[in-house]
Amino acid sequence: MRGRFAPSPTGQLHLGNLRTALVAWLFARSARSEFLVRMDDLDLVTSRRELGAGQLHDLATLGLDWDGEVVWQSERFNRYRTAIQNLAEQGLVYECYCSRREIHQAAQAPNAPIDGAYPGTCRDLTDDQRQRRSADRPPALRLRSPNTTVSFHDELVGPFEAVVDDVVLARNDGTPAYNLAVVVDDAAQGVQQVVRGDDLVSSTPRQIHLASALNVPIPSYAHVALALGPDGSRLAKRHGSVTLADLAAQGTTPNDVLQLLAHSLKLTAPGDHVTLDTLLRRFDPAQISREPWQVFG
Ligand code: GLU
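Residues numbered from 1 in each chain as written. Predicted model: local features only at pLDDT ≥ 70, side-chain atom pairs only at ≥ 80, totals over all residues. Heavy atoms only, no water.

Undergrad: Just to check I follow, could you spell out the state of the cysteines for this structure?
TA: A covalent bond between the sulfur atoms of two cysteines is what we call a disulfide. The final tally for this structure, using the stated rule, is zero disulfides. Its sulfur unpaired, Cys96 is 4.0 Å from the next cysteine sulfur, which belongs to Cys98. On the basis of relative accessibility, which here comes to 3%, the residue Cys96 falls in the buried class. (Disulfide = S-S within 2.5 Å. Buried < 20%, exposed > 50% of the residue type's maximum accessible area, 1.4 Å probe, protein only.)

See the structure below:
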């Protein structure tokens, strides 16, 4: 078995990210699996090498170790292009000239095929139409998908299904899209278990469909409920002291943070004080809290 954690190096890890990392590590290590860390730095504008280095430092501070070299997606664009080429040879790729606004409008129309999904505007353009539209903007690339429902069983969320729309493979500036890169990398790295925040559960059917189209194995999935700020929105830096550095400045040690995370996951009883080793020995995924965590609650 092989598991992984794939943060985006666009800021410091906050308590929610650290909590997901802890769960990913516990899943892998309790099964005596390898555990990889991959930096999701496809977005060259928002990602920073030094932020990634800081995230690795924070993982190590909590005692979460990993195997082998950390992989950076920004160094693997060739692999993603090869995968798009593979899909194109199967006739599954088309150019999409729609702006966000056009997609939003078309997806809201009463006759839109699936609520909120890409309505397929550019799916069957003629050569003429394509030429005309390419004068406005360079195209993104999309996967021609059958718009069928894909279902899977998530180890924490349970059964989940969604209709798969024509997912973006590359943005119109040429950047490979997250859904493509994640599938390509998990397959190339032999990842068999994906553990991540449950904001990505709705993208999983698309990724399963992409994996099938690329003829690579489909990993198992465990989506961890998110950490929330006092206003009920996803935890963020603006909510206060949410990183190891912020907390250390207030006298909260990494060990205190470990207790906080374990307790939030319902892996420990109130007042229980555990080491990472103890958590590992008693790890039972069935115990993990399925509820969002109100960090300041
Ligand atoms: N980079 C994503 C995040 O930080 C996770 C991607 C994944 O695990 O597939 O939310």
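Don't stop here, the text continues.
Undergrad: Is there a simple way to think about the site of the ligand in this case?
TA: Inspection of the region around the ligand gives Arg4, Ala6, Pro7, Ser8, Asp40, Tyr178, Val182, Arg196 and Leu200 as its neighbouring residues. With respect to the ligand, the backbone of Ala6 contributes an N or O atom lying 2.8 Å from a nitrogen atom. Separating an oxygen atom of the ligand from a side-chain N or O atom of Tyr178 is a distance of 2.7 Å. Of the residues assigned to the shell around the ligand, the class counts are five nonpolar, one polar and three charged. (Near = heavy atom within 4 Å. Polar contact = N/O pair within 3.5 Å; in protein donor to acceptor, adjacent residues only side chain to side chain. Nonpolar A, V, L, I, M, F, W, Y, C, P; charged D, E, K, R; others polar.)

Undergrad: Looking at this model, I keep getting lost on the environment of His153. Mind explaining?
TA: Along the polypeptide, His153 turns up in strand 6 (residues 149-154). Looking at His153, the relative accessible area reads 57%, which means it is exposed. With 58 residues separating them along the chain, His153 and Ala211 place their C-alpha atoms 16 Å apart. Setting aside anything within four residues of it in sequence, one finds His153 in contact with Gly158, Pro159 and Tyr221. (Helix = DSSP H or I, 4+ residues; strand = E, 2+ residues; numbered from the N terminus. Contact = heavy atoms within 4.5 Å.)

Undergrad: Just checking my understanding: could you explain the pattern of salt bridges for this structure?
TA: Note that side chains of opposite charge can pair when their charged atoms are close. This structure, assessed with the given rule, holds 20 salt bridges. Two residues, Asp186 and Arg4, come together in a salt bridge whose shortest N-O distance is 3.0 Å. Linking Asp186 in helix 6 (residues 178-188) with Arg4 in strand 1 (residues 2-5), this pair joins segments that are 182 residues apart in sequence. Considered together, Asp186 and Arg4 belong to a single accessibility category, that of buried residues. Here Arg29 ties to Asp67 by a salt bridge, and the two come within 2.9 Å at their closest N and O atoms. (Salt bridge = Lys/Arg side-chain N within 4 Å of Asp/Glu carboxyl O.)

Undergrad: Explain the sheet that holds strand 9 (residues 193-197) to me, please; I cannot follow it from the model alone.
TA: Each strand in a sheet pairs with another by means of backbone hydrogen bonds, the pair being arranged parallel or else antiparallel. With parallel pairing, five strands are arranged side by side in an open sheet as 3-2-1-9-10. Each having just a single partner strand, strand 3 (71-72) and strand 10 (220-224) make up the two edges of the open sheet. Across two bridges, strand 2 (residues 34-39) lies against strand 3 in parallel orientation. Within strand 3, the residue paired with Arg38 across the bridge is Val71. Each of strand 1, strand 2, strand 9 and strand 10 touches helix 1 (residues 15-30); the most contacted strand, strand 9, lies at about 160 degrees to it. (Pairing = 2+ DSSP bridges. Axes fitted to C-alpha atoms, helices over the stretch in contact; angles between N-to-C directions.)

Undergrad: Would you mind going over the packing of helix 6 against helix 7 (residues 204-213) with me for this structure?
TA: If you want to describe how two helices pack, look at the angle between their axes and the distance between the axes. Where helix 6 contacts helix 7, the two axes come as close as 9 Å, and the packing angle between them is 55 degrees. By the criterion of interaxial angle, the relationship of helix 6 to helix 7 is oblique. Helix-helix and strand crossings are classified by hand; for helix 6 and helix 7 the assignment is right-handed. Residue-level inspection shows Tyr178, Asn179, Leu180, Val182 and Val183 of helix 6 in contact with helix 7, the latter providing Arg206, Gln207, Leu210 and Ala211. The residue inventory of the contact of helix 6 with helix 7, partitioned by class, reads six nonpolar, two polar and one charged. (Parallel < 35°, antiparallel > 145°, perpendicular 65-115°, else oblique. Left-handed = near helix turned anticlockwise from the far one by under 90°.)

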